[in-house]
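Residue-level structure breakdown
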Amino acid sequence: MTTISDTDKEPLIGKTLEELQQVALDNGLPRFAGAQMAQWIYQKRVASIDEMTNLSKNAREKLNKRYAVGLEAPITKAESTDGTVKYLFRGAGGRNVEAVMIPDKERATLCISSQAGCKMGCTFCMTGKQGYHGNLTAAQIINQIMAVPSSEDLTNIVFMGMGEPLDNLEPVLKVIKILTEKWGFAWSPKRITVSSIGKLKELKRLIEETKVHLAISVHTPMTQQRQQLMPAEKAFPIKDVMALLRDYDFAHQRRLSVEYIMWRGVNDDLKHADALARLIQGTSARVNLIRYHAIPGVVMQPATEEAMETFRDHLNDLGVTATIRASRGEDISAACGMLAGKKTNEIVNND
């Protein structure tokens, strides 16, 4: 893949079929040229307009004046001993963003970012501690997918990187459309998961306009404690989120999961397990128990392996499917935002 160096041109990646058709019409080309561009960009994965050889030379010259395919290679990467690779991309507001490749036997999952920083302010999150610097465009989001090495071998995409996807809903929906439509990647929506704290209006739209899997960040079922850990609880109470989710069928077309980071002496006792089971009652949610990756400035410690196993077994006894997620990439600043923060500090310190 060659990197497009002319960043002043408008990128074609991130555009839907309808938008590419409008680009064609705006440049005096027939509407069907938009479908041709979509095929070159999303299926043949070309890096330049000049490679779109079924467009006339005159058409390519017109497009080249204003547009570029828009692929941008990662700025840097960090590789883990377990095969996980974290890539750093140009973001927004002077802040870079991360995408993480997680290979696992026949699966290759890419965890992508939707914002530079985040507004949600979760106290345990490195991204949240960096503040909010801007939304990523659809081009910047899809670029993370298309510009990583071996991108055509990806089996799954997870919107679980930097940012709150539902706080940047329109570009996220556009990328999901590109990934799932026949003129795009033609993926099954079952290969895509969106993680969210649960912005209610946007969550309802995501559920009704897509068929992707959904992961809700809960981390504690206790209202007061969740407000302290996740300030968004005040605006979007997790009880209201679960009430909304009960109105939809997640048992057949898609999967609903609950993300639950475990901290020692904070949320790892059976009282929390009981409350969590009550919270998700009436949904088909399964629970992913997550080992905490310590970050600078946060005193909370990971729960012990014994506590996590006891918590999991208790939930299973209550009829809740719960598993402990395997920890990956701890040797490469695994927590979201750590590589981006490190790179930003290096740039500041070297100025």
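Residues numbered from 1 in each chain as written. Predicted model: local features only at pLDDT ≥ 70, side-chain atom pairs only at ≥ 80, totals over all residues. Heavy atoms only, no water.

Summing up its helical and strand segments, the protein has 12 helices and 14 strands in all. Computed over C-alpha atoms, the radius of gyration of the protein comes to 21 Å, within 12% of the 20 Å expected from 2.2 N^0.38 for 351 residues, which places it in the range of a compact globule. Structurally, the protein occupies a C-alpha span of about 70 × 50 × 40 Å along its principal axes. For the protein, with 351 residues in total, the buried portion stands at 55%. Partitioning the intrachain contacts of the protein with sequence separation of at least 6 by distance along the chain shows that 67% fall at a separation of at least 24. (Helix = DSSP H or I, 4+ residues; strand = E, 2+ residues; numbered from the N terminus. Rg over C-alpha atoms; globule rule 2.2 N^0.38 Å. Buried < 20%, exposed > 50% of the residue type's maximum accessible area, 1.4 Å probe, protein only. Contact = heavy atoms within 4.5 Å.)

The next subject is the pattern of salt bridges. This model, assessed by the stated rule, comprises 17 salt bridges. Residue Arg205 is joined to Glu170 by a salt bridge in which the shortest nitrogen-to-oxygen separation is 2.6 Å. Linking Arg205 in helix H7 (residues 200-209) with Glu170 in helix H6 (residues 169-180), this pair joins segments that are 35 residues apart in sequence. With a shortest N-O distance of 2.5 Å, Glu233 and Arg226 are connected by a salt bridge. (Salt bridge = Lys/Arg side-chain N within 4 Å of Asp/Glu carboxyl O.)

Here the structure, examined in full by the defined rule, presents six aromatic pairs. An angle of 50 degrees between the planes, with centres 6.2 Å apart, marks the rings of Tyr42 and Trp183 as tilted. In this pair, Tyr42 sits in helix H2 (residues 32-43) while Trp183 sits in the loop between H6 and strand E10 (192-196), placing the two residues 141 residues apart along the sequence. Between the aromatic rings of Trp263 and Tyr292, the centroid separation amounts to 5.7 Å while the plane-to-plane angle is 65 degrees, which identifies the pairing as edge-to-face. Here Tyr292 lies in the loop between strand E13 (286-291) and helix H11 (305-317) and Trp263 lies in the loop between strand E12 (256-262) and helix H10 (270-279), a separation of 29 residues in the sequence. Trp263 gets classed as buried once you look at its relative accessible area, which sits at 0%. Ring pairs connect the aromatic residues Tyr42, Trp183, Phe185 and Trp187, which therefore count as one cluster. One residue, Lys44, lies across the ring of Trp40, its end atom 4.0 Å from the ring centre. Above the face of the Trp187 ring, Arg191 is positioned so that its terminal group lies 3.7 Å from the ring centre. (Phe/Tyr/Trp six-rings, centres within 6.5 Å; stacked < 30°, edge-to-face > 60°. Lys NZ or Arg CZ within 6 Å of the ring centre and 35° of its normal.)

It is worth spelling out the side chain of Thr210 at this point. Within the secondary structure, Thr210 is located in the loop between H7 and strand E11 (213-217). A polar contact is formed between the side chain of Thr210 and the backbone nitrogen of Val212, at a distance of 3.5 Å. In this view, Thr210 contacts Leu173, Ile176 and Arg254; residues no more than four positions away in its chain are not counted. (Polar contact = N/O pair within 3.5 Å; in protein donor to acceptor, adjacent residues only side chain to side chain.)

Of the residues making up H7, those classed as buried are Glu202, Leu203, Leu206 and Ile207. Around the axis of H7, the buried residues are gathered within 135 degrees of arc, so they sit on the same side. Along its buried surface, H7 packs onto H6, E10, E11 and helix H9 (238-245). (Arc of directions from axis to C-beta.)

We now examine the sheet that holds strand E5 (residues 95-104). Pairing is mixed across the open sheet formed by 10 strands, whose spatial order is E3-E4-E5-E6-E9-E10-E11-E12-E13-E14. In the strand order of this sheet, the two ends are held by strand E3 (76-79) and strand E14 (322-324), each with one partner. Each strand axis lies, on average, 25 degrees off the axis of its neighbour in the sheet, ignoring direction. Examined bridge by bridge, strand E6 (residues 107-112) and strand E9 (residues 156-159) share four bridges and lie parallel to one another. When the bridges of E9 are listed, Ile112 appears paired with Phe159. Here H11 sits on the sheet in contact with E12, E13 and E14, set at roughly 160 degrees to E14. (Pairing = 2+ DSSP bridges. Axes fitted to C-alpha atoms, helices over the stretch in contact; angles between N-to-C directions.)

This next bit is on the pairing of strand E4 (residues 85-92). Among the eight residues of E4, seven are classified as buried, and the element is accordingly described as predominantly covered. Note: E3 against E4, four bridges, orientation antiparallel. If you follow Lys77 over to E4, its bridge partner there is Tyr87. Counted along the chain from E3 to the antiparallel partner E4, the turn is five residues long, and its residue Gly83 has a positive phi close to 100 degrees. In this sheet, E5 lies alongside E4 in antiparallel orientation, the contact comprising six bridges. By the bridge assignment for E5, Phe89 is matched with Val97. Connecting E4 to the next strand, E5, in antiparallel fashion are two residues, including Gly93 with a positive phi near 60 degrees.

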